[in-house]
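Overview (structure and organization)
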Amino acid sequence: AKNNASQLSEIPKYSESDAGITLSFPSSIQVDQGKVDFSLFRTDDKNLDVNKSIVLDANKSFVIPKQVLVAGSYTLKVKWKEKRNDFQVDYDIQWK
């Protein structure tokens, strides 16, 4: 899945805001059924991990609300399928 994602010309964009963490998919990626799985791993406390399946909104994005985030270091793993092929992108996050 990571290898497939490494061959894409564009990957989902990660950004932080007052609302939380936003991931936006470029128009070049056609997510099967718009369904995305993500895992947010807290580096030092697995009790703060978050695992969810979501459906992208009309803007091909989703938000992880700040209410589920505690200041610190995370690894965000985003997984999706396109034409039944698996893709995965990982992000290192320092939430403040």
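Scroll up to find the structure.
The structure contained in this document is the topic of the report that follows. What you see is a predicted model; the values in this text were computed from it and never measured. Per chain, residue numbering runs from 1 following the sequence as it is written. Local features in this predicted model are restricted to residues of pLDDT 70 or higher, and side-chain atom pairs are both shown and tallied only at a pLDDT of 80 or more, whereas totals for entire chains, interfaces and linings draw on every residue. Side-chain measures were taken over the full set of non-hydrogen atoms in the model, leaving aside hydrogen atoms and water.

1. Some details on the overall build of the protein chain
Numbering of helices and strands starts at the N terminus; helices are DSSP runs of H or I of at least 4 residues and strands are runs of E of at least 2. Across its full length, the protein chain carries one helix and seven strands. For the protein chain, the N- to C-terminal ordering of α and β elements is α-β-β-β-β-β-β-β. Our radius of gyration looks at C-alpha atoms and nothing else; its globule reference is 2.2 Å times the residue count to the power 0.38. Here the protein chain has a C-alpha radius of gyration of 13 Å; the compact-globule value for 96 residues is 12 Å, and the two agree. Its C-alpha atoms give the protein chain principal-axis dimensions of about 35 × 25 × 20 Å. Only protein chains enter the calculation, and the probe is 1.4 Å; a residue is then buried if its accessible area is under 20% of its type maximum, exposed if over 50%, and partly exposed in between. Per-residue burial over the protein chain gives 38% buried out of 96 residues. By definition, residues are in contact when any of their heavy atoms lie within 4.5 Å. When contacts within the protein chain are restricted to residue pairs at least 6 apart in sequence, those whose partners lie at least 24 apart make up 58%. Accessible areas in this description were obtained via Shrake-Rupley with a 1.4 Å probe; residue shielding takes into account the shown protein chains only. Accessible surface for the protein chain amounts to roughly 6000 Å². Of this, 46% is attributable to carbon and sulfur atoms. Charged-residue counts in this description rest on Lys and Arg as positive and Asp and Glu as negative, His and the chain ends being excluded. A charged residue contributes its charge at one atom only: NZ of Lys, CZ of Arg, CG of Asp or CD of Glu. Looking at the protein chain, you have 14 positive and 13 negative side-chain charges, and the mean spots of the two groups are 3 Å apart.

2. Brief notes about the sheet that holds strand E5 (residues 61–65)
Read across the open sheet, the three strands follow the order E1-E2-E5; overall the sheet is antiparallel. Pairing within the sheet leaves two strands with one partner each, and these edge strands are strand E1 (13–17) and E5. With direction set aside, neighbouring strand axes in the sheet form an average angle of 20 degrees. Strands are labelled as partners when DSSP assigns at least two bridges between them. Pairing geometry for E1 and strand E2 (residues 20–24), over five bridges, is antiparallel. Residue pairing across strands places Ser17 opposite Gly20, the latter belonging to E2. Only the stretch in contact is used when fitting a helix axis, every axis being a line fitted to C-alpha atoms; angles between N-to-C directions are given from 0 to 180 degrees.

3. Some points on the pattern of salt bridges
Note that side chains of opposite charge can pair when their charged atoms are close. We define a salt bridge as a side-chain nitrogen of Lys or Arg found within 4 Å of a carboxyl oxygen belonging to Asp or Glu. Tallying each qualifying case throughout the model produces four salt bridges. One salt bridge connects Asp90 with Lys2, and the closest N-O pair in it is separated by 2.9 Å. Taken together, the positions of Asp90 in strand E7 (residues 85–95) and Lys2 in helix H1 (residues 2–6) put the pair 88 residues apart, joining distant regions of the chain. Asp44 serves as the salt-bridge partner of Arg42, at 2.7 Å between the closest nitrogen and oxygen.

Everything listed is a geometric property; what it means functionally is a separate question.
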